[in-house]
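Close look at the chain arrangement
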Amino acid sequence: MDNRTNRFRILAMTIGAFLTFFTFGFIDVLKGSTLPAVLDEMGYSYSRGGVIVMAAYFGFCVASLVTGFIADIKGKKAVVVIACLFYIGGIVSYAGAGSMILFVLAFFLIGFACGSAELAGNYIIIDVQRQNPGLYLNLLTAFYGLACMLAPLYAGQLFRAGFSWRDVYTYGLAVPIILLVYILLARYPKLEGGGPSRLDFRELFRTAFTPTMCWVYVLNFSYVAAEVCIATWLVEYLRVMRDMPIDSGSTWLAVYFGGIMAGRFVGGFFVDRVGYIKSIAIAIVMCIVCIVTGIVGPGHLVFSLAATGLFLSIILPTATALVSTMGLKNMGAILGLFFFFVGLGGMAGPWIAGVVNDWLGLRAGMATAAAFCVVMLVSLVRIKQRMRADGLAAK
(Lines give C-alpha, C1' and ligand atoms only; values in the text may rest on other atoms or scores of the structure.)
Protein backbone atom coordinates (compact mmCIF):
# COMPACT_ATOMS: atom_id res chain seq x y z
CA MET A 1 0.00 0.00 0.00
CA ASP A 2 1.44 3.39 -0.96
CA ASN A 3 1.70 6.25 1.52
CA ARG A 4 -0.97 8.32 -0.24
CA THR A 5 -3.57 5.57 0.10
CA ASN A 6 -2.69 5.06 3.73
CA ARG A 7 -2.92 8.80 4.46
CA PHE A 8 -6.36 8.83 2.82
CA ARG A 9 -7.45 5.94 5.04
CA ILE A 10 -6.15 7.76 8.11
CA LEU A 11 -8.21 10.80 7.13
CA ALA A 12 -11.26 8.62 6.45
CA MET A 13 -11.06 6.95 9.87
CA THR A 14 -10.48 10.28 11.60
CA ILE A 15 -13.69 11.55 9.99
CA GLY A 16 -15.33 8.28 11.05
CA ALA A 17 -14.30 8.93 14.66
CA PHE A 18 -15.72 12.47 14.48
CA LEU A 19 -19.00 11.09 13.06
CA THR A 20 -19.06 8.50 15.84
CA PHE A 21 -18.87 11.22 18.48
CA PHE A 22 -21.40 13.39 16.67
CA THR A 23 -23.83 10.46 16.71
CA PHE A 24 -23.00 9.83 20.37
CA GLY A 25 -23.86 13.41 21.33
CA PHE A 26 -26.95 13.66 19.12
CA ILE A 27 -28.66 10.49 20.38
CA ASP A 28 -27.50 11.00 23.97
CA VAL A 29 -29.03 14.47 24.26
CA LEU A 30 -32.28 13.40 22.56
CA LYS A 31 -32.99 11.33 25.69
CA GLY A 32 -33.27 14.47 27.79
CA SER A 33 -35.17 16.36 25.10
CA THR A 34 -37.90 13.72 24.82
CA LEU A 35 -38.10 12.34 28.38
CA PRO A 36 -40.44 15.06 29.74
CA ALA A 37 -42.94 14.25 26.96
CA VAL A 38 -42.63 10.55 27.77
CA LEU A 39 -43.34 11.12 31.48
CA ASP A 40 -46.31 13.30 30.61
CA GLU A 41 -47.83 10.86 28.12
CA MET A 42 -47.22 7.74 30.23
CA GLY A 43 -48.08 9.38 33.56
CA TYR A 44 -44.75 8.33 35.09
CA SER A 45 -43.33 9.99 38.21
CA TYR A 46 -39.94 11.69 38.37
CA SER A 47 -38.67 8.67 40.29
CA ARG A 48 -39.61 6.38 37.41
CA GLY A 49 -37.97 8.80 35.04
CA GLY A 50 -34.83 8.59 37.15
CA VAL A 51 -34.86 4.79 36.89
CA ILE A 52 -35.13 5.02 33.11
CA VAL A 53 -32.17 7.42 32.93
CA MET A 54 -30.12 5.24 35.30
CA ALA A 55 -30.59 2.34 32.86
CA ALA A 56 -28.71 4.37 30.24
CA TYR A 57 -25.79 4.98 32.63
CA PHE A 58 -25.75 1.29 33.50
CA GLY A 59 -25.60 0.39 29.82
CA PHE A 60 -22.76 2.90 29.35
CA CYS A 61 -20.72 1.31 32.16
CA VAL A 62 -21.31 -2.23 30.86
CA ALA A 63 -20.26 -1.20 27.35
CA SER A 64 -17.09 0.46 28.65
CA LEU A 65 -15.98 -2.83 30.18
CA VAL A 66 -17.09 -5.18 27.39
CA THR A 67 -16.28 -3.34 24.18
CA GLY A 68 -12.72 -2.55 25.19
CA PHE A 69 -11.92 -6.26 24.94
CA ILE A 70 -13.76 -6.48 21.61
CA ALA A 71 -11.72 -3.55 20.26
CA ASP A 72 -8.46 -5.31 21.15
CA ILE A 73 -9.56 -8.64 19.65
CA LYS A 74 -11.72 -7.67 16.65
CA GLY A 75 -10.62 -4.10 15.98
CA LYS A 76 -12.00 -0.59 16.50
CA LYS A 77 -14.34 -0.61 13.51
CA ALA A 78 -16.18 -3.59 14.98
CA VAL A 79 -17.02 -1.55 18.09
CA VAL A 80 -18.45 1.30 15.98
CA VAL A 81 -20.63 -1.23 14.14
CA ILE A 82 -21.81 -2.62 17.49
CA ALA A 83 -22.61 0.91 18.67
CA CYS A 84 -24.69 1.59 15.55
CA LEU A 85 -26.65 -1.66 15.90
CA PHE A 86 -27.39 -0.92 19.56
CA TYR A 87 -28.42 2.64 18.65
CA ILE A 88 -30.86 1.30 16.08
CA GLY A 89 -32.22 -1.35 18.46
CA GLY A 90 -32.54 1.15 21.29
CA ILE A 91 -34.24 3.81 19.17
CA VAL A 92 -36.74 1.35 17.69
CA SER A 93 -37.49 0.00 21.18
CA TYR A 94 -37.85 3.51 22.63
CA ALA A 95 -40.09 4.80 19.84
CA GLY A 96 -42.39 1.81 20.20
CA ALA A 97 -42.27 1.41 23.99
CA GLY A 98 -45.50 1.25 25.94
CA SER A 99 -44.35 -0.10 29.29
CA MET A 100 -41.77 0.69 31.95
CA ILE A 101 -39.77 -2.46 31.16
CA LEU A 102 -39.43 -1.51 27.49
CA PHE A 103 -38.36 2.04 28.34
CA VAL A 104 -35.67 0.70 30.69
CA LEU A 105 -34.51 -1.79 28.03
CA ALA A 106 -34.44 0.91 25.36
CA PHE A 107 -32.37 3.28 27.51
CA PHE A 108 -30.01 0.45 28.41
CA LEU A 109 -29.45 -0.28 24.72
CA ILE A 110 -28.91 3.40 23.92
CA GLY A 111 -26.56 3.77 26.90
CA PHE A 112 -24.62 0.70 25.75
CA ALA A 113 -24.33 2.25 22.29
CA CYS A 114 -23.09 5.54 23.78
CA GLY A 115 -20.46 3.76 25.87
CA SER A 116 -19.29 1.78 22.83
CA ALA A 117 -19.13 4.94 20.71
CA GLU A 118 -17.11 6.89 23.27
CA LEU A 119 -14.55 4.12 23.61
CA ALA A 120 -14.30 3.46 19.86
CA GLY A 121 -13.99 7.12 18.87
CA ASN A 122 -11.19 7.76 21.36
CA TYR A 123 -9.40 4.52 20.49
CA ILE A 124 -9.47 5.26 16.75
CA ILE A 125 -8.01 8.73 17.26
CA ILE A 126 -5.29 7.42 19.59
CA ASP A 127 -4.41 4.81 16.97
CA VAL A 128 -4.43 6.86 13.76
CA GLN A 129 -3.34 10.30 15.03
CA ARG A 130 -0.17 9.51 16.95
CA GLN A 131 1.66 12.80 16.39
CA ASN A 132 -0.85 15.19 18.01
CA PRO A 133 -3.34 13.09 19.97
CA GLY A 134 -4.23 15.95 22.32
CA LEU A 135 -5.37 18.13 19.42
CA TYR A 136 -7.48 15.46 17.75
CA LEU A 137 -8.99 14.12 20.98
CA ASN A 138 -10.15 17.62 21.91
CA LEU A 139 -11.56 18.12 18.40
CA LEU A 140 -13.26 14.74 18.73
CA THR A 141 -15.13 15.76 21.87
CA ALA A 142 -15.97 19.10 20.25
CA PHE A 143 -18.06 17.17 17.72
CA TYR A 144 -19.93 15.67 20.68
CA GLY A 145 -20.57 19.19 21.96
CA LEU A 146 -21.74 20.35 18.53
CA ALA A 147 -24.26 17.52 18.40
CA CYS A 148 -25.40 18.33 21.95
CA MET A 149 -26.30 21.82 20.77
CA LEU A 150 -28.00 20.71 17.53
CA ALA A 151 -30.08 17.86 18.98
CA PRO A 152 -32.37 20.06 21.16
CA LEU A 153 -32.89 22.41 18.20
CA TYR A 154 -33.89 19.46 16.01
CA ALA A 155 -36.25 18.11 18.68
CA GLY A 156 -37.72 21.55 19.32
CA GLN A 157 -38.48 22.10 15.64
CA LEU A 158 -40.32 18.77 15.38
CA PHE A 159 -42.29 19.39 18.58
CA ARG A 160 -43.33 22.84 17.35
CA ALA A 161 -44.44 21.26 14.05
CA GLY A 162 -46.75 18.91 15.96
CA PHE A 163 -44.69 15.72 15.86
CA SER A 164 -44.61 13.37 18.87
CA TRP A 165 -41.60 12.31 20.88
CA ARG A 166 -41.79 8.94 19.11
CA ASP A 167 -41.37 10.71 15.76
CA VAL A 168 -38.40 12.68 17.10
CA TYR A 169 -36.49 9.50 17.88
CA THR A 170 -37.70 7.60 14.81
CA TYR A 171 -36.42 10.27 12.42
CA GLY A 172 -33.23 10.40 14.45
CA LEU A 173 -32.50 6.86 13.19
CA ALA A 174 -30.97 8.49 10.12
CA VAL A 175 -27.89 9.57 12.11
CA PRO A 176 -26.64 6.12 13.29
CA ILE A 177 -27.63 4.57 9.93
CA ILE A 178 -25.43 7.09 8.07
CA LEU A 179 -22.59 6.33 10.50
CA LEU A 180 -23.05 2.57 10.02
CA VAL A 181 -22.87 2.84 6.22
CA TYR A 182 -19.83 5.12 6.38
CA ILE A 183 -17.86 2.97 8.82
CA LEU A 184 -18.56 -0.21 6.83
CA LEU A 185 -17.26 1.43 3.65
CA ALA A 186 -14.20 3.07 5.23
CA ARG A 187 -10.97 1.07 5.20
CA TYR A 188 -8.74 1.01 8.26
CA PRO A 189 -5.16 2.15 7.58
CA LYS A 190 -2.17 -0.11 8.08
CA LEU A 191 -0.37 1.03 11.22
CA GLU A 192 2.47 -0.42 13.21
CA GLY A 193 0.95 -2.22 16.18
CA GLY A 194 -2.50 -0.92 15.24
CA GLY A 195 -4.24 -4.19 14.44
CA PRO A 196 -6.22 -6.54 16.68
CA SER A 197 -4.10 -8.13 19.39
CA ARG A 198 -4.16 -11.15 21.65
CA LEU A 199 -5.35 -10.43 25.16
CA ASP A 200 -2.97 -11.24 27.99
CA PHE A 201 -5.12 -11.00 31.11
CA ARG A 202 -2.17 -11.20 33.49
CA GLU A 203 -0.43 -8.33 31.69
CA LEU A 204 -3.72 -6.43 31.46
CA PHE A 205 -4.33 -6.67 35.21
CA ARG A 206 -0.75 -5.62 35.91
CA THR A 207 -0.88 -2.52 33.69
CA ALA A 208 -4.50 -1.50 34.28
CA PHE A 209 -4.23 -1.31 38.06
CA THR A 210 -0.87 0.30 38.64
CA PRO A 211 -0.87 3.18 41.16
CA THR A 212 -0.59 5.58 38.20
CA MET A 213 -3.69 4.20 36.46
CA CYS A 214 -5.66 4.08 39.71
CA TRP A 215 -5.06 7.80 40.16
CA VAL A 216 -6.12 8.32 36.52
CA TYR A 217 -9.41 6.61 37.34
CA VAL A 218 -9.87 8.91 40.34
CA LEU A 219 -9.19 11.89 38.07
CA ASN A 220 -11.80 10.67 35.56
CA PHE A 221 -14.43 9.99 38.21
CA SER A 222 -13.94 13.40 39.82
CA TYR A 223 -13.94 15.26 36.50
CA VAL A 224 -17.25 13.84 35.26
CA ALA A 225 -18.77 14.15 38.73
CA ALA A 226 -17.94 17.88 38.69
CA GLU A 227 -19.13 18.44 35.11
CA VAL A 228 -22.46 16.64 35.53
CA CYS A 229 -22.96 18.14 39.00
CA ILE A 230 -22.88 21.66 37.53
CA ALA A 231 -24.97 20.67 34.51
CA THR A 232 -27.61 19.09 36.74
CA TRP A 233 -27.95 21.74 39.43
CA LEU A 234 -26.93 25.04 37.80
CA VAL A 235 -30.46 26.10 36.78
CA GLU A 236 -31.94 25.23 40.17
CA TYR A 237 -29.10 27.01 41.98
CA LEU A 238 -29.63 30.19 39.95
CA ARG A 239 -33.39 30.02 40.49
CA VAL A 240 -33.29 29.57 44.27
CA MET A 241 -30.08 31.31 45.34
CA ARG A 242 -29.96 34.13 42.76
CA ASP A 243 -33.71 34.65 42.15
CA MET A 244 -33.20 34.08 38.45
CA PRO A 245 -36.09 32.96 36.19
CA ILE A 246 -35.84 29.43 34.83
CA ASP A 247 -35.51 30.60 31.24
CA SER A 248 -32.55 32.81 32.20
CA GLY A 249 -30.98 29.95 34.13
CA SER A 250 -31.44 27.69 31.09
CA THR A 251 -29.64 30.28 28.98
CA TRP A 252 -26.66 30.15 31.34
CA LEU A 253 -26.76 26.34 31.13
CA ALA A 254 -26.57 26.65 27.34
CA VAL A 255 -23.59 28.98 27.80
CA TYR A 256 -22.00 26.33 30.03
CA PHE A 257 -22.32 23.66 27.32
CA GLY A 258 -21.26 26.15 24.67
CA GLY A 259 -18.12 26.80 26.70
CA ILE A 260 -17.37 23.07 26.79
CA MET A 261 -17.64 22.86 23.01
CA ALA A 262 -15.62 26.04 22.38
CA GLY A 263 -12.96 25.06 24.90
CA ARG A 264 -12.38 21.77 23.15
CA PHE A 265 -12.13 23.40 19.75
CA VAL A 266 -9.62 25.97 20.99
CA GLY A 267 -7.87 23.96 23.71
CA GLY A 268 -6.89 21.19 21.34
CA PHE A 269 -4.47 23.55 19.60
CA PHE A 270 -2.32 24.23 22.65
CA VAL A 271 -2.42 21.14 24.93
CA ASP A 272 0.24 19.31 22.89
CA ARG A 273 2.53 22.35 23.09
CA VAL A 274 1.93 23.32 26.71
CA GLY A 275 1.99 19.73 27.94
CA TYR A 276 -0.86 17.49 29.05
CA ILE A 277 -0.30 17.63 32.81
CA LYS A 278 0.34 21.37 32.86
CA SER A 279 -2.76 22.02 30.70
CA ILE A 280 -4.97 19.92 32.96
CA ALA A 281 -3.55 21.62 36.08
CA ILE A 282 -4.26 25.11 34.72
CA ALA A 283 -7.79 24.06 33.74
CA ILE A 284 -8.54 22.61 37.18
CA VAL A 285 -7.29 25.70 39.02
CA MET A 286 -9.41 27.95 36.78
CA CYS A 287 -12.46 25.74 37.42
CA ILE A 288 -12.04 26.14 41.17
CA VAL A 289 -11.69 29.93 40.77
CA CYS A 290 -14.84 30.10 38.63
CA ILE A 291 -16.95 27.98 40.98
CA VAL A 292 -15.86 29.76 44.14
CA THR A 293 -16.36 33.18 42.49
CA GLY A 294 -19.83 32.21 41.33
CA ILE A 295 -20.83 31.01 44.80
CA VAL A 296 -19.38 33.68 47.10
CA GLY A 297 -19.04 36.62 44.69
CA PRO A 298 -21.62 39.34 44.06
CA GLY A 299 -24.58 38.70 41.79
CA HIS A 300 -23.05 40.16 38.65
CA LEU A 301 -20.27 37.53 38.82
CA VAL A 302 -22.67 34.60 38.71
CA PHE A 303 -21.73 34.11 35.05
CA SER A 304 -18.47 32.56 36.26
CA LEU A 305 -20.33 29.35 37.11
CA ALA A 306 -21.26 28.98 33.44
CA ALA A 307 -17.69 29.87 32.46
CA THR A 308 -16.53 26.74 34.27
CA GLY A 309 -17.47 24.76 31.16
CA LEU A 310 -14.75 26.52 29.17
CA PHE A 311 -12.03 25.16 31.49
CA LEU A 312 -13.59 21.78 32.29
CA SER A 313 -13.72 21.11 28.56
CA ILE A 314 -10.13 20.03 27.96
CA ILE A 315 -9.62 17.82 31.01
CA LEU A 316 -11.02 14.46 29.90
CA PRO A 317 -9.71 14.42 26.29
CA THR A 318 -6.30 15.62 27.48
CA ALA A 319 -6.23 12.92 30.17
CA THR A 320 -7.02 10.40 27.43
CA ALA A 321 -4.09 11.73 25.41
CA LEU A 322 -1.88 11.44 28.50
CA VAL A 323 -2.77 7.76 28.90
CA SER A 324 -2.04 7.17 25.21
CA THR A 325 1.59 8.23 25.82
CA MET A 326 2.17 5.56 28.48
CA GLY A 327 2.80 2.78 25.94
CA LEU A 328 0.31 0.38 27.51
CA LYS A 329 -0.67 -2.91 25.88
CA ASN A 330 -4.30 -3.89 25.33
CA MET A 331 -5.23 -0.22 25.17
CA GLY A 332 -8.85 -1.04 24.30
CA ALA A 333 -9.45 -2.91 27.55
CA ILE A 334 -7.65 -0.19 29.52
CA LEU A 335 -9.74 2.51 27.87
CA GLY A 336 -12.78 0.45 28.83
CA LEU A 337 -11.83 0.81 32.50
CA PHE A 338 -10.94 4.45 31.85
CA PHE A 339 -14.47 5.21 30.63
CA PHE A 340 -16.10 2.90 33.16
CA PHE A 341 -15.01 5.35 35.85
CA VAL A 342 -16.28 8.18 33.66
CA GLY A 343 -19.71 6.53 33.78
CA LEU A 344 -19.50 6.05 37.55
CA GLY A 345 -18.67 9.73 37.98
CA GLY A 346 -21.67 10.69 35.88
CA MET A 347 -23.90 8.57 38.09
CA ALA A 348 -22.44 9.63 41.43
CA GLY A 349 -21.72 13.34 40.95
CA PRO A 350 -25.26 14.76 40.73
CA TRP A 351 -26.50 12.31 43.37
CA ILE A 352 -23.82 13.34 45.89
CA ALA A 353 -24.52 17.02 45.19
CA GLY A 354 -28.25 16.35 45.59
CA VAL A 355 -27.68 14.82 49.03
CA VAL A 356 -25.57 17.83 50.02
CA ASN A 357 -28.34 20.11 48.72
CA ASP A 358 -30.82 18.43 51.05
CA TRP A 359 -28.51 18.51 54.07
CA LEU A 360 -26.67 21.82 53.73
CA GLY A 361 -28.41 23.82 51.00
CA LEU A 362 -27.84 24.58 47.33
CA ARG A 363 -24.75 26.74 47.90
CA ALA A 364 -22.97 23.82 49.58
CA GLY A 365 -24.25 21.50 46.88
CA MET A 366 -22.72 23.64 44.14
CA ALA A 367 -19.50 23.82 46.17
CA THR A 368 -19.37 20.02 45.82
CA ALA A 369 -18.20 20.59 42.24
CA ALA A 370 -15.25 22.59 43.58
CA ALA A 371 -14.48 19.75 46.00
CA PHE A 372 -14.36 17.33 43.08
CA CYS A 373 -11.94 19.71 41.36
CA VAL A 374 -9.67 19.62 44.39
CA VAL A 375 -9.70 15.81 44.23
CA MET A 376 -8.76 16.11 40.54
CA LEU A 377 -5.82 18.35 41.41
CA VAL A 378 -4.54 15.92 44.06
CA SER A 379 -4.94 13.05 41.59
CA LEU A 380 -2.97 14.92 38.94
CA VAL A 381 -0.09 15.58 41.33
CA ARG A 382 0.02 11.89 42.23
CA ILE A 383 -0.11 10.88 38.53
CA LYS A 384 2.89 13.08 37.78
CA GLN A 385 4.81 11.68 40.75
CA ARG A 386 4.01 8.08 39.85
CA MET A 387 4.91 8.56 36.18
CA ARG A 388 8.30 9.89 37.18
CA ALA A 389 8.77 6.97 39.57
CA ASP A 390 7.87 4.56 36.75
CA GLY A 391 10.36 6.21 34.39
CA LEU A 392 7.67 7.66 32.12
CA ALA A 393 7.92 11.13 30.63
CA ALA A 394 5.23 13.19 32.32
CA LYS A 395 4.31 15.34 29.32
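Structure's up top.
Residues numbered from 1 in each chain as written. Predicted model: local features only at pLDDT ≥ 70, side-chain atom pairs only at ≥ 80, totals over all residues. Heavy atoms only, no water.

**Some words on the packing of helix H3 (residues 76-96) against helix H4 (residues 100-128)**
Let me state the cut-off plainly: Axes, fitted as lines to C-alpha atoms, cover a helix only where it is in contact. Angles between the N-to-C directions of the axes lie from 0 to 180 degrees. The helix and strand labels rest on DSSP assignments: H or I over at least four residues marks a helix, E over at least two residues marks a strand, and numbering proceeds from the N terminus. Should an angle fall under 35 degrees it is taken as roughly parallel, and over 145 as roughly antiparallel, whereas 65 to 115 is taken as roughly perpendicular and any remaining angle as oblique. Definitions for this section: a left-handed crossing has its near helix turned counterclockwise from the far helix by less than a right angle. A right-handed crossing has that turn clockwise. In this classification, the charged set is Asp, Glu, Lys and Arg, the nonpolar set is Ala, Val, Leu, Ile, Met, Phe, Trp, Tyr, Cys and Pro, and all remaining amino acids, among them Gly, are polar.
Packing of H3 against H4 brings their axes to within 8 Å, and their N-to-C directions diverge by 155°. With respect to their mutual orientation, H3 and H4 come out roughly antiparallel. H3 and H4 meet at a crossing whose hand is left-handed. The residue makeup of the contact of H3 with H4, split by class, is 20 nonpolar, four polar and two charged.

**Description of helix H16 (residues 362-389)**
Here is the rule: Expected helix span is computed as 1.5 Å times (number of residues minus one).
Taking 1.5 Å per residue, 28 residues should reach 40 Å; H16 reaches 41 Å between its end C-alpha atoms and fits that length. Looking at the residues trailing H16, positive phi occurs at Gly391, about 80°.

**What about the packing of helix H14 (residues 315-324) against helix H15 (residues 331-360)?**
Here is the rule we go by: Working rule for contacts: check all heavy atoms of both residues, and any pair within 4.5 Å makes them a contact.
Viewed as axis vectors pointing N to C, H14 and H15 meet at an angle of 150°, and their least axial separation amounts to 12 Å. If you check the angle between H14 and H15, you find them roughly antiparallel. For the pair H14 and H15, the sense of crossing is right-handed. Between H14 and H15, the contacting residues are Leu316, Ala319, Thr320, Val323 and Ser324 on the first element and Met331, Leu335, Phe338, Phe339 and Val342 on the second. Here the residues of the contact of H14 with H15 are counted per class, giving eight nonpolar, two polar and no charged.

**Details of unusual backbone geometry**
Glycine aside, residues mostly have negative phi, and peptide bonds are mostly found in the trans state. To keep it simple, the criterion reads: Think of it in three bands: residues with accessible area under 20% of the maximum for their type are buried, residues over 50% are exposed, and the middle band is partly exposed, with areas taken using a 1.4 Å probe on protein chains only.
For Asp243, which is not glycine, the phi dihedral falls at a positive 50°. Residue Asp243 is classed as exposed on the basis of its relative accessible area, which comes to 67%.

**A closer look at the environment of Met13**
Examined against the element boundaries, Met13 turns out to sit in helix H1 (residues 3-42). In sequence terms Met13 and Tyr188 are 175 residues apart; their C-alpha atoms lie 6.6 Å from each other. With residues up to four places along the chain from it excluded, the contact list for Met13 reads Lys77, Ile124, Val128, Ile183, Ala186, Arg187, Tyr188 and Pro189.

**Structural notes on the pattern of salt bridges**
Counted only if it meets this: Whenever Lys or Arg places a side-chain nitrogen within 4 Å of a carboxyl oxygen from Asp or Glu, that contact is recorded as a salt bridge.
Counted according to the given criterion, the structure contains five salt bridges. Between Lys76 and Asp127 there is a salt bridge, with the nearest N and O atoms lying 3.3 Å from each other. With Lys76 in helix H3 and Asp127 in helix H4, the pair connects residues that are 51 residues apart, well separated along the chain. Looking at Asp127, the relative accessible area reads 6%, which means it is buried. For the salt bridge of Arg239 with Glu236, the shortest nitrogen-to-oxygen distance reads 2.8 Å. Of this pair, Arg239 and Glu236 both sit in helix H9 (residues 211-241), separated by three residues, roughly a single helical turn. A single salt-bridge network, built from bridges that share partners, covers Lys76, Asp127 and Arg130.

**What to know about the packing of aromatic side chains**
Stated precisely, the cut-off is as follows: The pairing test for Phe, Tyr and Trp rings, Trp by its six-membered ring, is centres within 6.5 Å, and the orientation test on the planes gives stacked under 30 degrees, edge-to-face over 60, and tilted for anything in between. Only when the NZ of Lys or the CZ of Arg is both within 6 Å of the ring centre and within 35 degrees of the ring normal is a charge said to sit over the ring.
Scanning the entire structure with this criterion turns up 19 aromatic pairs. Here the aromatic rings of Tyr94 and Phe107 are separated by 5.1 Å at their centres, their planes lie at 75°, and the arrangement is edge-to-face. With Tyr94 in helix H3 and Phe107 in helix H4, this pair connects stretches of sequence that are 13 residues apart. Judged by its relative accessible area of 0%, Tyr94 is buried. Ring geometry for Phe108 versus Phe112: centroids 6.3 Å apart, planes at 45°, classification tilted. Of this pair, Phe108 and Phe112 are both found in helix H4, four residues apart, which corresponds to roughly one turn of the helix. For Phe108, a relative accessible area of 22% translates into the label partly exposed. The exposure class of Phe112 is buried, given its relative accessible area of 8%. Ring-pair connections join several aromatic residues into one group, and the members of that group are Tyr94, Phe103, Phe107, Trp165 and Tyr169. When the ring centre of Tyr123 is taken as reference, the NZ or CZ atom of Lys76 above it lies at 4.6 Å.

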